[in-house]
Amino acid sequence: MSRPKNPSRGLARRLLRYALPYWPWLLLALVLVLTVSASINYLPVLIKHLTDQCLLDTSAPAATRIHLLGQISLTYLVITLIGYILRYAQGLLTVWIGQKIVYDLRVDVFHKALRMHQAWFDRTPVGTLLTRVTSDIERLQAFVTDGVAGTVADLFMLFGIMGYMLLISPRLSMVLFLLLPPLFALLFFVNHKLRNANRLIRKRQAALNALTQEDITGITTIQLFNRESAARSEFDERNNDLRLAHFEEVRWFSIYFPVIETGQAVTIAIILAAGGLWLLAGGTPLTAGALIAFLAYIRDFFRPLGSLSDKAGSFQIAMASAERLFALMDTPEEVNDPDVPQPTDKIDGTIAFENVSFAYTENNPVLRNISFAVEPGQVLAVVGATGSGKTTIINLIGRYYDAKEGRITIGGTDIRDFKKEDLRKRIGTVFQDPFIFAASVADNISLLNPALTRDDIVRAATAVNADSFIRNLPNGYDTELNERGGGLSLGQKQLLAMARALAQNPDLLFVLDEATASIDTATELLIQDALGKLVKNRTSIVIAHRLSTIRNADRILVMRHGELVDSGNHDELMARAGYYRNLYEMLQQPVA
Ligand SMILES: Nc1ncnc2c1ncn2[C@@H]1O[C@H](COP(=O)(O)OP(=O)(O)OP(=O)(O)O)[C@@H](O)[C@H]1O
């Protein structure tokens, strides 16, 4: 695929599409910008009239000149006030439009992330995704709300001022235009340095954020292995790098405005000298009023000049953010819904794998030619050494990944013919270390499913033996849990995960069942009992590590290096004296 010649243009066009729904408001903002700059730019003309007609023209009677003075002063006041009121309205309006655009963009980016397939999340670090939804959008927001409107206003102001200058004195305008190129060159140089410094800051900030995120996530390991001093020195190093980058930016930033102000002072001095000489020499249409007005324009001319080059930098930053955001939005979703989805309401719960092969990464097969079937209501236990592909079987049935070869059917229908949402509604999964949201216990069980009443939630929790520990929490079902379940033991989290799965009343149940050494015997028994209730009358696949679960399963699949090496019930497999018996005996050892 060939890249567009000017990527910024393509990005700007896509951004413009977000602005399109607000075009009447944009038009109004543009009219306001025009009116403000026209009115503010007219003020020096009034000063010219005041100087030439009231102060210096002695031919008219004093009373007429005083009357005119009053009129001009009043007009100056009215125009200034109207200008400021309109500028306030325009400022509010552009920020409102900008916020609307950025809101829509943020919604689209987050919705896209929600639709993305698991393989993409495997490849994309959390920090990167967070940056897209927060910093990249913030940079665009700054540019859309301040940059675009500000640039338009500044440009109108500049061109308006140049027009008035040419009208007042073409000669002085020429002098000014000759002085501008060296000043522009200097400004561009400083600006370039500023942008480089800014880029360095962002790079070093990202490095520091990544390190901080990693250290905080892995804090238990750091403390457990006494790695605090190593973590501290690495942090200090990156923190110092960031400080130096900020200092570099401040160094150039402190030069920036003095350059503009010196340029302004030099220009004013030259214009004053040239204009004064022409006035003294006479014979030109230049008047004292025109010279004063011209000097006022020079002051107004330098103001937008400074902010314009600042905005050129923010434009580049915003375009880089837009590029990353649109690249995310353009990432193809690999696990798609079919055009004509099959209904899932009458599926009977039979799950079948037909010659399924799968690899997360190319040339690294994880499942090889797997075939098996689970009858409705059966409990299937999958056993095998770590990394043998047990969890992958569950990942494929939920369509978190699509099988590369073969097909998986539920009730005889290929799962790729179901809508992902419909399919997943029928599936309940219990993870061994479940994710706990920063919300109440009740919300963590219902996952905000509006169809579930408080009674449903309590019933599910009671059924899986979670009710009694929940009622002992400070606010029972309304106790707020913190992120990652701080405050709950691992056993309690597992019971909560079971209540969560049961509350959704799924037809198919997947359990990642891990006998955890840290769980006390009483809780362990509660979990085993809950598991028994959960799988009852449901087609269940249990990635089994508990001996009791394995023994009680209707059928057992034995996995080894991604292959299905044996299957049968516990007694049949033990009788064969093969891989399963070794595995079972190995599992038995630490428990016995
Ligand atoms: N998201 C992923 N991306 C790439 N490779 C993966 C991914 N998930 C698992 N794998 C690899 O696939 C293989 C099978 O993993 P799987 O999680 O299915 O094993 P498992 O039998 O469930 O193991 P365990 O008992 O340790 O949970 C492993 O080699 C693992 O490294």
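Residues numbered from 1 in each chain as written. Predicted model: local features only at pLDDT ≥ 70, side-chain atom pairs only at ≥ 80, totals over all residues.

Trainee: Which residues make up the overall build of the protein, and what values do they have?
Mentor: Per the secondary structure count, the protein includes 19 helices and ten strands. In summary, the protein has a C-alpha radius of gyration of 36 Å against a globular reference of 25 Å for 592 residues, an excess of more than 25%. Overall, the protein is about 125 × 55 × 50 Å in size when its C-alpha atoms are taken along their principal axes. (Helix = DSSP H or I, 4+ residues; strand = E, 2+ residues; numbered from the N terminus. Rg over C-alpha atoms; globule rule 2.2 N^0.38 Å.)

Trainee: Can you lay out the sheet that holds strand β5 (residues 413–414) for me, pointing to particular residues and giving the numbers?
Mentor: Strands sit in the order β2-β1-β4-β5 across an open sheet of four strands; the sheet is antiparallel. In the strand order of this sheet, the two ends are held by β2 (365–374) and β5, each with one partner. Across the sheet, helix α10 (residues 390–397) touches β1 (351–359), β2 and β4 (405–410), and the angle it forms with β1 is around 110°. (Pairing = 2+ DSSP bridges. Contact = placed C-beta atoms within 7 Å. Axes fitted to C-alpha atoms, helices over the stretch in contact; angles between N-to-C directions.)

Trainee: Mind laying out the domain arrangement of the protein, listing which residues take part and the relevant values?
Mentor: How big an interface is tends to be stated in terms of the accessible area lost upon association of its parts. As far as domains go, the protein holds domain 1 (7–330) and domain 2 (351–591). One C-alpha centre belongs to domain 1, the other to domain 2, and the line joining them spans 56 Å. (Domains from an automatic or database assignment.)

Trainee: Describe the packing of helix α13 (residues 454–463) against helix α15 (residues 490–503), naming the residues involved and giving the relevant values.
Mentor: Where α13 contacts α15, the axes come no closer than 8 Å and their chain directions differ by 130°. In terms of orientation, α13 and α15 fall into the oblique class. When you trace α13 past α15, the crossing you get is right-handed. Residue-level inspection shows D456, I457, A460, A461 and A463 of α13 in contact with α15, the latter providing A499, L502 and A503. A class-by-class count of the residues in the contact of α13 with α15 yields seven nonpolar, no polar and one charged. (Parallel < 35°, antiparallel > 145°, perpendicular 65-115°, else oblique. Left-handed = near helix turned anticlockwise from the far one by under 90°. Nonpolar A, V, L, I, M, F, W, Y, C, P; charged D, E, K, R; others polar.)

Trainee: Please provide a residue-by-residue account of the nonpolar core, values included.
Mentor: The biggest cluster of nonpolar side chains holds 71 residues, and the ones touching the most others in it are A381, V382, V464, M498 and A499. Broken down by element, the residue count for this core peaks at eight residues, all from α15. Not counting residues within four places of it along the chain, the set of residues in contact with A499 comprises I445, A460, A461, V464 and A466. (Core = buried A, V, L, I, M, F, W, Y, C linked by C-beta atoms within 7 Å. Buried ≥ 20, exposed ≤ 12 C-beta atoms within 10 Å, placed from the backbone.)

Trainee: Now, about the environment of A296: what can you tell me, with residues and values included?
Mentor: Examined against the element boundaries, A296 turns out to sit in helix α9 (residues 288–330). Exposure remark for A296: the 18 C-beta atoms within 10 Å place this residue in the partly exposed category. Counting along the chain gives 249 residues from A296 to I47, while the straight-line C-alpha distance between them is 8.9 Å.

Trainee: I'd like a description of the pairing of β4, backed by residues and values.
Mentor: In this sheet, β4 lies alongside β1 in antiparallel orientation, the contact comprising five bridges. Looking at the pairing, S357 lines up with E405 of β4. Connecting the antiparallel pair β4 and β5 is a turn made up of two residues, with G411 showing a positive phi of about 55°.

Trainee: Can you lay out the site of the ligand for me, pointing to particular residues and giving the numbers?
Mentor: Neighbouring the ligand are 13 residues; Y360, T386, K390, T391 and T392 lie closest to it. If one sorts the elements of the shell around the ligand by residue count, α10 sits on top with three residues. (Near = placed C-beta within 6 Å.)

Trainee: Kindly report on helix α5 (residues 126–168), identifying the contributing residues and their values.
Mentor: The first and last C-alpha atoms of α5 sit 60 Å apart over 43 residues, in line with the 63 Å expected at 1.5 Å per residue. The largest bend in α5 comes to about 40°, at R132. (Expected span 1.5 Å × (residues − 1). Bend = angle between axes of the 7 residues up to and from the residue.)

Trainee: Please give an account of the environment of A439 that cites residues and values.
Mentor: Within the secondary structure, A439 sits in the loop between β6 (427–430) and α12 (441–446). Considered as a pair, A439 and D478 are 39 residues apart in the sequence and their alpha carbons are 8.8 Å apart. Excluding residues that lie within four positions of it along the chain, A439 makes contacts with N444 and L481.

Trainee: Please give an account of the pairing of strand β8 (residues 539–544) that cites residues and values.
Mentor: Counting buried positions along β8 yields six of six residues, so the element is predominantly enclosed. Here β8 shows no split at all, with T539, I541 and I543 on one side and S540, V542 and A544 on the other all buried. Both strand β3 (residues 379–384) and β8 contribute to a ladder of four bridges, which runs parallel. Considered in β8, the bridge of L380 is made with I541.

Trainee: Lay out the UniProt feature "transmembrane region" (unreviewed entry) in the protein in plain terms, naming residues and giving numbers.
Mentor: UniProt records the feature "transmembrane region" (unreviewed entry) for residues 21–46, 66–86, 148–168, 174–194 and 278–298 in the present numbering. Summarising residues 148–168: 100% helix, 0% strand, and an end-to-end C-alpha distance of 30 Å. As a span, residues 174–194 carries 100% helix and 0% strand, and end to end its C-alpha atoms are 31 Å apart. (UniProt positions renumbered as here; feature names shortened; annotations may be inferred.)

Trainee: An account of the packing of helix α6 (residues 170–217) against helix α8 (residues 228–281) is requested, with residue identities and associated values reported.
Mentor: Two numbers describe how α6 lies on α8: the axes approach to 9 Å, and their chain directions differ by 170°. One element, α6, and the other, α8, form an angle in the roughly antiparallel class. For the contact of α6 with α8, the class distribution of residues is 27 nonpolar, seven polar and eight charged.

Trainee: A description of the confidence of the model for the protein should follow, citing residues and the corresponding values.
Mentor: Summarising the model, the protein shows a mean pLDDT of 86, and 96% of its residues fall at 70 or more. Within the model, pLDDT remains below 50 along residues 1–5, and this stretch shows two contacts once partners closer than five positions in the same chain are excluded. Quick note on the complex model: pTM equals 0.72, ipTM equals 0.95. (pLDDT = per-residue confidence, 0-100.)

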